[in-house]
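# What the coordinates show
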Amino acid sequence: MFVLMEDLLDKLKLLSYEEEALRRHNMRPLSRHYFALPTNPGEQFFMFCTLAAWLITKAGHPFEQPQEYDDPNAIISNVLSELRSFGRPVDFPPSKLKAGYGEQACYVLDCLAEEALKYTGFSWKRPAYPTEELEEEEITEDDAELTLNKLEEDVVEEESDNEENFIDLNVLKAQTYRSIFTQDMNDSAKQEEILQSTTDAAEWNLEVERVLPQLKVTVRTDNKDWRIHLDQMHQHKDGIESSLKETRGYLDKLHNEISRTLEKINSREKYINNQLEHLVQEYRSAQALLSEAKEKYQEGSGGVTERIRVLSEITEVLERVKQETEEKGSSMTDGAPLVKIKQALTKLKQETIQMDIQIGVMEHTLLQSKLKEKSNMTRDLHATVIPEATVGAY
């Protein structure tokens, strides 16, 4: 996961994500392990959604930039659908991306970065290493192989260098060889004149004192020369030996003090152990009793928990029975049903009276109709016996 995150960061830098994505949203650059380790899930999820949308757009698929208050499930589903459209497999649940970090988040962003690089036409190539030019080793020439031209060039270079009033060794050699060359050209008579000096000794000493500061010879050292390294090794060895002589005494003194302190500590420890032997035995016996008491307590606590469970069951049954008893007692002592019965009886009596009245009225009406019918029948019967002469009288 960490290697994948580093590859992702390199790909994002190739796509110029700092200029195109981060500056637009005013965000900080990513670290090497930003999506590999949990730091701030909310910020990491928003950064993941922002980079995913930017990479999808960079890969040629237009994608709307997510906002801070958008539905995260919808954003994740849209990103995964775009990832599937690129032909990348998605074999993990979408909920893995809600945290904003992890292997799945690095995988999604890495795949989108690869698709963006493909769309932009980027291709990986083998690294081209620059050819390092080997430094030409300075060829040290022997004094016998120096030519006169070389010596003259060295003399000119040394005369042009006026940083310090020191005479360089090469200049000194050149002057020596030049004097030798000129002396070979002189006659032997001049050499005989040199054998006898006419210079005053006091003047010679004054001249020597005058030019003595300028006669200091400086030798240019080459750091690649093994002789220089050997001299440095000897110098360091001498320094180490001189320092070791001073520090060895302190170390020996410190060693002796530490040894004496350790001996005192051992003797005090033995003394304390001898003095506290009976207390240690008592402590061990107390520890054994404590372990036995703990075992008994665990056994007793197991029985107590079982009895507490049984007690809770019995209490529940008792509460249920009490509730049923209270309901029955309240229903037995309650006078509301009796009042309702009385009211119903009163209503029934009223309805019975009304029904009796209606029945009486119906019986009366029926009797009237029967009497009327009977009177009509009697009249019709008498009408058939009466003679026709009397009919007109009616």
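Residues numbered from 1 in each chain as written. Predicted model: local features only at pLDDT ≥ 70, side-chain atom pairs only at ≥ 80, totals over all residues. Heavy atoms only, no water.

## Looking at the packing of aromatic side chains
Applying the stated criterion across every chain, the model contains two aromatic pairs. Both rings, one in Tyr34 and one in Phe35, keep their centres 4.9 Å apart while their planes meet at 90°; by these two values the pair is edge-to-face. Both residues of the pair, Tyr34 and Phe35, count as buried. Between Phe92 and Tyr107, the aromatic rings sit 6.3 Å apart at their centres with planes inclined by 85°, giving edge-to-face as the arrangement. (Phe/Tyr/Trp six-rings, centres within 6.5 Å; stacked < 30°, edge-to-face > 60°. Buried < 20%, exposed > 50% of the residue type's maximum accessible area, 1.4 Å probe, protein only.)

## Quick look at unusual backbone geometry
Here the phi dihedral of Ser16 falls at roughly 60°; this positive angle occurs in a residue that is not glycine. Among the secondary structure elements, Ser16 is positioned in the loop between helix H1 (2-14) and helix H2 (17-25). A relative accessible area of 30% places Ser16 in the partly exposed class. (Helix = DSSP H or I, 4+ residues; strand = E, 2+ residues; numbered from the N terminus.)

## What about a negative patch on the surface?
Taken together, the side chains of Glu319, Glu324, Glu326 and Glu327 present a region of like negative charge at the surface. Residue position: Glu324 is located in helix H11 (residues 277-333). Exposure remark for Glu324: the relative accessible area of 42% places this residue in the partly exposed category. (Patch = residues over 30% accessible without salt bridge, like charges linked within 9 Å, V, L, I, M, F, W, Y side chains within 5 Å. Areas by Shrake-Rupley, 256 points an atom, 1.4 Å probe, with all protein chains shown as cover. Salt bridge = Lys/Arg side-chain N within 4 Å of Asp/Glu carboxyl O. Lys, Arg positive; Asp, Glu negative; His and termini not counted. Charge placed at Lys NZ, Arg CZ, Asp CG, Glu CD.)

## Overview of the pattern of salt bridges
Following the criterion strictly, the structure yields eight salt bridges and no others. Where Glu6 meets Arg32, a salt bridge forms, and the shortest distance between an N and an O atom there is 2.5 Å. One end of the pair, Glu6, is in helix H1; the other, Arg32, is in the loop between H2 and helix H3 (41-58), with 26 residues separating them in the sequence. Here the salt bridges share partners, and the residues they tie into one network are Lys11, Arg88, Asp110, Glu114 and Glu115.

## Details of the confidence of the model for the protein
Confidence in the prediction for the protein averages 78 pLDDT; 78% of positions are at 70 or higher. Taking the mean pLDDT of every element in the protein, the minimum, 47, falls on helix H6 (residues 148-160) and the maximum, 90, on helix H10 (residues 226-275). pLDDT under 50 marks residues 136-149. Its contacts with residues more than four places away, or in other chains, come to six contacts. Low pLDDT, under 50, characterises residues 158-168; the stretch is placed with 15 contacts to residues that sit more than four places away or in other chains. (pLDDT = per-residue confidence, 0-100. Contact = heavy atoms within 4.5 Å.)

## Section: a nonpolar patch on the surface
On the surface, a cluster of nonpolar side chains totalling about 430 Å² of accessible area is made up of Tyr271, Ile272, Leu276, Leu279 and Val280. At the level of elements, H10 and H11 are the ones that each hand at least two residues to the nonpolar patch. Mapped onto the secondary structure, Leu279 falls in helix H11. On the basis of relative accessibility, which here comes to 42%, the residue Leu279 falls in the partly exposed class.

## Brief notes about the packing of helix H4 (residues 72-85) against helix H5 (residues 103-120)
Relative orientation of the contacting elements H4 and H5 amounts to 50°, with a least axis distance of 11 Å. Comparing the axis directions of H4 and H5 gives the class oblique. H4 and H5 meet at a crossing whose hand is left-handed. On H5, the residues that touch Val79, Leu80 and Leu83 of H4 are Val108, Cys111 and Leu112. For the contact of H4 with H5, the residue count by class is six nonpolar, no polar and no charged. (Axes fitted to C-alpha atoms, helices over the stretch in contact; angles between N-to-C directions. Parallel < 35°, antiparallel > 145°, perpendicular 65-115°, else oblique. Left-handed = near helix turned anticlockwise from the far one by under 90°. Nonpolar A, V, L, I, M, F, W, Y, C, P; charged D, E, K, R; others polar.)

## With respect to the environment of Gln104
By the secondary structure assignment, Gln104 is in helix H5. When its relative accessible area of 21% is taken as the criterion, Gln104 is described as partly exposed. Expressed as a C-alpha distance, the spacing of Gln104 and Val90, which sit 14 residues apart in the sequence, is 9.3 Å. Among all residues touching Gln104, those that are not within four sequence positions of it are Phe92, Lys96 and Leu97.

## A few points about H1
Taking 1.5 Å of rise per residue, the 13 residues of H1 would be expected to cover 18 Å, and the 19 Å separating its terminal C-alpha atoms lies within 8% of that figure. For H1, the full list of buried residues reads Met5, Leu8, Leu9, Lys11 and Leu12. Looking straight down H1, one finds its buried side chains confined to an arc of 165°; they lie on one side. The inward-facing, buried residues of H1 contact H2, H3 and H5. Note on H1: the residue one or two positions beyond its end, Ser16, has a positive phi of about 60°. (Expected span 1.5 Å × (residues − 1). Arc of directions from axis to C-beta.)

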